[in-house]
Amino acid sequence: MPRPVYGHIESLANRVIAHRHRHLWIQLSYATQGVIEVQTPTGLFYATPRQAVWIAAGTPHKARCAPGTEIRSLYIEPAGVAREAVRGACCVLEVGPLLRELIRAFGLLPAEYREDGAGGRLAAVLLDQLAAAPQAALVLPLPADPGLRRVCLAMQAHPGRPADLDHWASELGVSGKTLSRMFMRQTGLSFRLWRQRLRLLAALPALERGQRVTDVSLDCGYESVSAFIAAFRGQFGSTPGDYFGAAAT
């Protein structure tokens, strides 16, 4: 890279970077608008304009972006990251107002900014803020078992599909109790909680675009908007309107 920390701005259509790839450097993907989804061998990671996805060097991943997403990506040499800033293979970081503006400002610097000048000082502050950023729970664990993984990815493709535990157990040729135990053992979540989190995370792109909560809740398989709002509040700590209002602010 031209510098130990490099910023890049990109506007993306609704597309999938479908081939799994990896980098020699750390990648931080932040969307000033839109929603990012990153898939690794262990999970799905989502980020609205309130978060960013941290992808460690060498982590196989692929990505998908909602329509109209505008990304500010940072690429960081692993050797330049302080020990306290080292994360796992992939995680989601909360992006507060200061970190958001630092990322935006850094993306406007020339690729070969002066490391002993204002650009270098900005990079150092940015790394300090990334080290202090708390992690967000916008993660959906994926199982290692190939059969169960196929079930999970099938549900991800159609989150509003009403198929229940017994349906997917039949697809795998196992009992409902066996599938329930597999979910808990491989993801740490029950089938019900895993599907609920999937549906709520899948709702984020439409909500971020300003789509009506009623329409989003029905598309995600909820029979009532009140049930969807209650589940959303339980997962994210606020209603959809408050959540994305804070993101816009």
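Residues numbered from 1 in each chain as written. Predicted model: local features only at pLDDT ≥ 70, side-chain atom pairs only at ≥ 80, totals over all residues. Heavy atoms only, no water.

Asker: Whenever I open this one, the pattern of salt bridges confuses me. Can you help?
Answerer: A side chain of one charge can pair with a side chain of the opposite charge when the charged atoms of the two come close. With the rule as written, the count across this model stands at 7 salt bridges. The closest approach of N and O atoms between arginine 64 and glutamate 37, which form a salt bridge, is 2.8 Å. Here arginine 64, found in strand β7 (residues 61-65), pairs with glutamate 37, found in strand β4 (residues 36-40); they are 27 residues apart in sequence, far enough to count as distant. For arginine 64, a relative accessible area of 34% puts it in the partly exposed group. In this structure, the salt-bridge partner of aspartate 215 is arginine 212, at a minimum N-O distance of 3.1 Å. The class of aspartate 215 is partly exposed, set by a relative accessible area of 29%. Looking at arginine 212, the relative accessible area reads 54%, which means it is exposed. Each of Arg100, Glu101 and Arg104 takes part in a single network of salt bridges with overlapping partners. (Salt bridge = Lys/Arg side-chain N within 4 Å of Asp/Glu carboxyl O. Helix = DSSP H or I, 4+ residues; strand = E, 2+ residues; numbered from the N terminus. Buried < 20%, exposed > 50% of the residue type's maximum accessible area, 1.4 Å probe, protein only.)

Asker: Help me out: how do you make sense of the packing of helix α3 (residues 146-157) against helix α5 (residues 176-187) in this one?
Answerer: Think of two packed helices as two axes; the pair is described by the angle between the axes and how far apart they sit. Where α3 contacts α5, the axes come no closer than 11 Å and their chain directions differ by 90°. Between α3 and α5, the interaxial angle falls into the category roughly perpendicular. Facing Leu148, Cys152 and Met155 of α3, the residues of α5 in contact are Leu179, Met182, Phe183 and Gln186. Split by residue class, the contact of α3 with α5 holds 6 nonpolar, 1 polar and no charged. (Axes fitted to C-alpha atoms, helices over the stretch in contact; angles between N-to-C directions. Parallel < 35°, antiparallel > 145°, perpendicular 65-115°, else oblique. Contact = heavy atoms within 4.5 Å. Nonpolar A, V, L, I, M, F, W, Y, C, P; charged D, E, K, R; others polar.)

Asker: Whenever I open this one, helix α4 (residues 165-172) confuses me. Can you help?
Answerer: Along an α-helix, residues three or four positions apart point the same way, because every turn accommodates 3.6 residues. Between the side-chain oxygen at the start of α4 and the backbone nitrogen of aspartate 166 there is a gap of 3.3 Å, and the oxygen is on aspartate 164. A positive phi of about 75° marks glycine 173, the residue just after α4. (Polar contact = N/O pair within 3.5 Å; in protein donor to acceptor, adjacent residues only side chain to side chain.)

Asker: How should I be thinking about the nonpolar core in this particular structure?
Answerer: One broad trend across soluble globular proteins is that nonpolar side chains are buried collectively. Membership of the largest hydrophobic core comes to 49 residues, with the highest contact counts inside it found for Leu138, Trp194, Leu204 and Phe232. Considering every element that reaches this core, the biggest residue donor is helix α6 (residues 191-208), with 9 residues. When near neighbours in sequence (up to four residues on either side) are disregarded, tryptophan 194 contacts Leu140, Pro141, Leu142, Cys152, Met155, Phe183, Thr187 and Leu189. Counting 22 residues, the second-largest nonpolar core is a separate cluster that includes Ile76, Val95, Leu102 and Phe106. (Core = buried A, V, L, I, M, F, W, Y, C linked by side-chain atoms within 4.5 Å.)

Asker: Even after reading the chapter, I still don't get the side chain of arginine 195, so can you show me in this structure?
Answerer: Looking at where arginine 195 falls in the secondary structure, it is placed in helix α6. In this structure, arginine 195 is buried with no salt-bridge partner, the nearest side chain bearing the opposite charge being aspartate 164 at 6.7 Å. At 2.8 Å, the side chain of arginine 195 and the backbone oxygen of alanine 163 are in polar contact. Setting aside chain neighbours within four positions, we find arginine 195 in contact with Met155, Pro162, Ala163 and Asp164. (Lys, Arg positive; Asp, Glu negative; His and termini not counted.)

Asker: Would you take a moment to explain the pairing of β4 for this structure?
Answerer: Along a regular strand, successive side chains alternate from one face of the sheet to the other. In terms of residue burial, β4 counts as a mostly covered element, since 5 of its 5 residues are buried. For β4 and strand β5 (residues 43-47), the ladder comprises 5 bridges, and the chain directions are antiparallel. Bridging from a neighbouring strand, glutamine 39 pairs with leucine 44 of β5. Connecting β4 to the antiparallel partner β5 that follows it, the hairpin turn spans 2 residues. With 4 bridges joining them, β4 and β7 adopt antiparallel strand pairing. If you follow glutamine 39 over to β7, its bridge partner there is lysine 62. (Pairing = 2+ DSSP bridges.)

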